[in-house]
Amino acid sequence: MLDGMTKRFFQAEVLSEMQKKLKYNPDDMFVLLVVEPASPSGSSTSSSNGSGSPGVVGVVEVSYIGERETLSLLEPGTEGFCYVASMVVAPSWRRRGAAAALLAAAEEAAAAWDERQLLLHVYPENESALALYGQAGFEVLRQQSKPFAKTRVLMRKGW
Ligand SMILES: CC(C)(COP(=O)(O)OP(=O)(O)OC[C@H]1O[C@@H](n2cnc3c(N)ncnc32)[C@H](O)[C@@H]1OP(=O)(O)O)[C@@H](O)C(=O)NCCC(=O)NCCS
């Protein structure tokens, strides 16, 4: 459990990250997708996952960005790409298809923006995430190692 000050710090950090994303993304090209468990009747649920966010058991962000280092690896002339970040599913809801559903929704969001690919970074030791993305059709573009930074794997799915 986070103490009050740590929590406020993280909330402030999250807020400033979110503000940056909204500032640097073209209009309407940033979405936060959430997944909620289906209620038995099939209507929207109000069940609680114990986190204070009723119903939400997983989230992911999708944005359109023009990060130069990654652009240099893509087809010449590409000006930007859809990027998946901050994927997480509540521990007690894992292995029930929530993340796969979020990725499918992320793909739909990108397609609605007339984009034909999704990219993401994952740490090489994150075996569950690597398995998730591999299963969803993502392929490794490259492993990125930089001084003073954790090695990350860049993955891409095109359609
Ligand atoms: C990675 C994570 C998002 C997966 O969420 P999830 O809802 O459990 O994933 P799904 O149930 O949709 O799994 C879809 C497929 O991914 C693969 N997969 C997911 N978790 C796996 C695990 N722990 N081990 C092996 N394969 C796994 C499987 O192929 C799975 O299909 P299957 O269950 O039919 O075998 C979740 O474990 C999580 O939140 N981890 C902590 C945060 C994190 O690492 N985020 C990724 C940052 S890049």
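As the structure is a prediction and not an experimental result, all values here were calculated from the model.

1. Examining the overall build of the protein
Item 1. Across its full length, the protein holds 4 helices and 6 strands.
Item 2. Scanning the protein from its N terminus toward the C terminus, one meets helices and strands in the order α-β-β-α-β-α-β-α-β-β.
Item 3. Each of the 159 residues in the protein was classed as buried or not, and the buried ones make up 31%.
Item 4. In the protein, the proportion of contacts linking residues at least 24 apart, taken out of those at least 6 apart, comes to 56%.
Item 5. Total accessible area computed for the protein in this model is approximately 10400 Å², and 54% of it derives from carbon and sulfur atoms.

2. Brief notes about helix 4 (residues 127–135)
Item 1. The set of residues buried in helix 4 consists of Ala129, Leu132 and Tyr133. Projected down its long axis, helix 4 carries its buried residues within an arc of 90°, all on one side. In helix 4, those exposed residues whose orientation departs by more than 90 degrees from the buried face are Glu127 and Gln135.
Item 2. Once helix 4 ends, the next one or two residues include Gly137, with phi positive near 100°.

3. Observations concerning the site of the ligand
Item 1. Looking at the ligand, there are 19 residues lining it, with Met87, Arg95, Gly97, Ala100 and Asn126 nearest.
Item 2. In the model, a nitrogen atom of the ligand is placed 2.8 Å from a nitrogen or oxygen of the Met87 main chain.
Item 3. Take Ala99: an N or O atom from its main chain is 3.0 Å from an oxygen atom of the ligand.
Item 4. When the free accessible area of the ligand is taken as 910 Å², the share hidden by the protein chains comes to 71%.
Item 5. Mapped by element, the contributors of at least two residues to the shell around the ligand are strand 3 (81–89), helix 3 (98–112), strand 4 (117–122) and helix 4.
Item 6. With 6 residues, helix 4 is the largest single contributor of residues to the shell around the ligand.
Item 7. A class-by-class count of the residues in the shell around the ligand yields 11 nonpolar, 5 polar and 3 charged.

The rules we used
- In this convention, every chain numbers its residues from 1, walking through the sequence in written order.
- With pLDDT at 70 or above as the cut-off, local features in this predicted model cover only qualifying residues; side-chain atom pairs require 80 or more to be listed or tallied, and sums for whole chains, interfaces and linings still use all residues.
- To obtain the side-chain values, all non-hydrogen atoms of the structure were used and water was disregarded.
- The helix count covers DSSP runs of H or I at least four residues long, the strand count covers runs of E at least two residues long, and both are numbered beginning at the N terminus.
- Burial classes follow relative accessibility: with a 1.4 Å probe on protein chains only, a residue under 20% of its type's maximum area counts as buried, one over 50% as exposed, and anything between as partly exposed.
- Note on contacts: a residue pair qualifies if any of its non-hydrogen atoms lie within 4.5 Å across the two residues.
- Where accessible areas are quoted, they stem from the Shrake-Rupley method and a 1.4 Å probe; at the residue level, only the protein chains shown are allowed to cover.
- The arc in question is traced by the directions running from the helix axis to the C-beta atoms.
- Any residue with a heavy atom lying within 4 Å of a molecule or strand is counted as near it.
- Pairs of N or O atoms within 3.5 Å make up the polar contacts considered here, provided that, within protein, one atom can donate a hydrogen while the other can accept it, and that residues adjacent in sequence are counted only when both atoms are side-chain atoms.
- Each residue gets one label: Ala, Val, Leu, Ile, Met, Phe, Trp, Tyr, Cys and Pro are nonpolar, Asp, Glu, Lys and Arg are charged, and the others, such as Gly, are polar.

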